[in-house]
Amino acid sequence: MSLRRVKLCFALLIFSLTILTAFAADRVKVQSGVLEGAGAQSDGVRIFRGVPFAAPPVGGMRWKEPQPVSRWKGVHQAAQFGPRCMQQPLFSDMNFRSNGVSEDCLYLNIWTPAKPRKQKPLLPVLVYFYGGGFAAGDGSEYRYDGESMATKGIVALTVNYRLGVFGFMAHPELTAESPHHASGNYGLLDQAAALAWVQKNIKAFGGDPKRVTIAGESAGSASVSAQMGSPLSRDLIAGAIGESGSVIQGGLSAQPLAQAEKAGTDFASAQGAKTIADLRAVSAENLLAAAGKLPWGTFDIAVDGYFFPQPPDAIYAAGQQAHVPLLVGWNSQEGSWQGVLGTQEPTPENYAKAVSARFPGHGDELLKVYPGETREQVMASATDMASDGFIGFSTWKWADLHATTGGGQPVYRYYYARPRPAVVGKSEPENPGAVHSSEIEYAMGNLPTNKVFSWTPDDYKVSATMQAYFANFIKISNPNGAGLPEWPAMTSDKTRPVMRIDVESKAAPEQNRERYLLLDKLGEKK
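Read on for a plain summary of the structure. (Residues numbered from 1 in each chain as written. Predicted model: local features only at pLDDT ≥ 70, side-chain atom pairs only at ≥ 80, totals over all residues. Heavy atoms only, no water.)

Turning our attention to helix H7 (residues 257–270). What sets the pattern is the α-helix's 3.6 residues per turn: residues three or four places apart point alike. Its 14 residues give H7 an end-to-end C-alpha distance of 20 Å, which sits within 8% of 20 Å, the value for a rise of 1.5 Å per residue. Residues of H7 that are buried include every one of Leu257, Ala260, Glu261, Ala263, Gly264, Phe267 and Ala268, and no others. For H7, the buried positions fall inside an angular range of 155° around the axis, keeping them on one side. Within H7, the exposed residues directed more than 90 degrees away from the buried face are Ala258, Lys262, Ser269 and Ala270. In the core, the buried residues of H7 are packed alongside helix H3 (164–168), helix H4 (172–177), strand E11 (255–256), helix H8 (276–281), helix H9 (284–291) and strand E12 (302–303). Of the residues trailing H7, Gly272 is marked for its positive phi of about 75°. (Helix = DSSP H or I, 4+ residues; strand = E, 2+ residues; numbered from the N terminus. Expected span 1.5 Å × (residues − 1). Buried < 20%, exposed > 50% of the residue type's maximum accessible area, 1.4 Å probe, protein only. Arc of directions from axis to C-beta. Contact = heavy atoms within 4.5 Å.)

In structure tokens:
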């Protein structure tokens, strides 16, 4: 063989080894087998999408707690997002990259900055649960994308969990067949199974299983409060971030199991199903269509005696939740003044009547803390009342309880006040305040993924601040860091500061504690 041919063969061998090494660099071995991801991006972040963390909950596995993934042979391709869980198209702001809709949906996605081989030291981990009222949402949504967080030195994950009738239907027959004598809460059990998967496998992606922070918005935030309170998951986390929502009072609170079972029994009867086997024989599409005709919240989380041994309120009051640092808050316009006044004009007279109707016998007390003596004041107070009734109060209650019963762990509370800018093509913003869910892209560093709004330098400034706070908290259990306004923690005494996040972020003493104490006394659950 000529020297030229020897050199050519050697060059081809080196090239082949380089290609094989590149492919090997995208492969990670987990307990169930070998995964091959999408490869390193230009910023060095490696992505693994559609990673199965539990067996498909189909057929006889419908309405059962998640089971371990079966081992697979060969290499499992993890370059594409898996399917999203069964759901109706409920929210126009949800933009999915998932592979359709299916009952087979228990997948997670991982963004890691770690090198292909062993990462030392191991990196902090963020596990994010999507919102959507426990009826919609998916880990493939652009706003939850973990790549930006990964560039901050964090292994970021999003997790799918079952929704609606598939994720939260309870039934006496399901309770009887369960080894834990419990039913419902399958979506929460999916989340707990994902956290258990993380504990066993995240080292392979450079993550530290002892430094797992869970986070979420709306129903995802409620999920965080639920996982903190459950004995199944509270030892699997080192920190928590809640954005607008909790299972402690409010609209996302847990109902008694008997009430949840009745909803399931009524639903089965309406479908002509005499047994759970009959109901399992119904196609997923037909079940989804039938459930979609029911009132919102028919299939809520439940005090099942297993995931929740007691009501979440009691768990937190007794200090039985995870004793971990908590960063938590809500937005300035979670609801609108029309949520209190409906179609009526925002006059002081109409407002007083509406408040009295909303809180029979307590109108005067409420008007003292939600005053409405002018049109402008009515609109502001009614917006606050609607926001608190929807989700602000339950989030406040979670923070306040954890600051008191959380074993002395720090609680960092925020009030997010940056309104979104104008929609592209328009000159004025649609809302004067920060509406529900508007902080997500800012916190996750994902403004560029949302093409709806005309983002400004001020928006990118707010995003840089908020993401830095979140990243610092994930890394060191404290949001503070160089170049950021000082954010003091709450304490169980009278020091209960709030960080107002806006173009100029600043911490200030709590302003409206009397409102929440009154709502707490009245047992507001709207």
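Moving on, we come to the packing of helix H14 (residues 375–405) against helix H17 (residues 513–522). Close contact between H14 and H17 brings their axes to 10 Å; oriented N to C, the two are set at 90°. In terms of axis orientation, H14 runs roughly perpendicular to H17. Residue-level inspection shows Asp384, Asp388, Phe393, Trp396, Lys397 and Asp400 of H14 in contact with H17, the latter providing Arg513, Arg515, Tyr516, Leu517, Leu519 and Asp520. Broken down by class, the residue content of the contact of H14 with H17 amounts to five nonpolar, no polar and seven charged. (Axes fitted to C-alpha atoms, helices over the stretch in contact; angles between N-to-C directions. Parallel < 35°, antiparallel > 145°, perpendicular 65-115°, else oblique. Nonpolar A, V, L, I, M, F, W, Y, C, P; charged D, E, K, R; others polar.)

Think of two packed helices as two axes; the pair is described by the angle between the axes and how far apart they sit. It is the contact of helix H12 (residues 348–358) with H14, at a shortest axis distance of 10 Å, that shows an interaxial angle of 20°. Taken together, the axes of H12 and H14 are roughly parallel relative to one another. Along this stretch, H12 crosses H14, giving a crossing that reads as left-handed. On H14, the residues that touch Pro348, Tyr351, Val355 and Arg358 of H12 are Val378, Ser381, Ala382, Met385, Ala386 and Gly389. (Left-handed = near helix turned anticlockwise from the far one by under 90°.)

On to the nonpolar core. Among the nonpolar cores identified, the biggest contains 121 residues, and Val127 and Met228 are the most heavily contacted of them. Per-element tally for this core: the top contributor is helix H5 (residues 186–201), with nine residues. Beyond its immediate stretch of four places on either side in the chain, Val127 contacts Leu157, Val159, Leu195, Val198, Val212, Thr213, Ile214 and Ala215. Counting residues in each nonpolar core, the second largest holds 20 residues, with Val340, Met385, Phe393 and Leu518 among its members. (Core = buried A, V, L, I, M, F, W, Y, C linked by side-chain atoms within 4.5 Å.)

One non-glycine residue, Trp63, adopts positive backbone phi at about 60°. In this structure, Trp63 sits in the loop between strand E4 (46–52) and strand E5 (75–78). Phi angles above zero are rare outside glycine, and Ser477 is one such case at about 65°. Relative to the helices and strands, Ser477 is located in the loop between helix H16 (457–476) and strand E15 (497–501). Judged by its relative accessible area of 28%, Ser477 falls in the partly exposed class.

If you walk across this open sheet you meet the eleven strands as E3-E4-E6-E8-E7-E9-E10-E13-E14-E15-E16, and the pairing is mixed. Every interior strand has two partners, whereas the edge strands, strand E3 (39–40) and strand E16 (506–509), have only one. Taken together, the five bridges between strand E7 (residues 123–129) and strand E8 (residues 155–159) define a ladder with parallel strand orientation. Each bridged residue has a counterpart across the sheet, and for Phe129 the counterpart in E8 is Val159. Those strands touched by H14 are strand E10 (239–243), strand E13 (326–331) and strand E14 (411–416), and its axis lies near 160° from that of E13. Across the sheet, H16 is in contact with E7, strand E9 (207–217), E10, E13, E14 and E15; its angle to E10 comes to roughly 150°. (Pairing = 2+ DSSP bridges.)

Attention shifts here to the pairing of E8. With five of five residues buried, E8 lies mostly within the body of the structure. Side chains Val155, Leu157 and Val159 project from E8 onto one buried face, and the interleaved Ala156 and Thr158 project onto a second face that is buried too. Inspection of the sheet shows strand E6 (residues 107–112) paired to E8 by four bridges, in the antiparallel sense. Bridge assignment links Leu108 to a residue of E8, and that residue is Val159.

Attention now moves to the sheet that holds strand E2 (residues 33–37). Strand order in the open sheet formed by three strands is E1-E2-E5, and the pairing between neighbours is mixed. Two strands bound the open sheet, and with one partner strand each, they are strand E1 (27–30) and E5. Neighbour-to-neighbour, the strand axes of this sheet turn through a mean angle of 30°, independent of strand direction.

In short, the description is geometric, and any link to function would need to be established separately.
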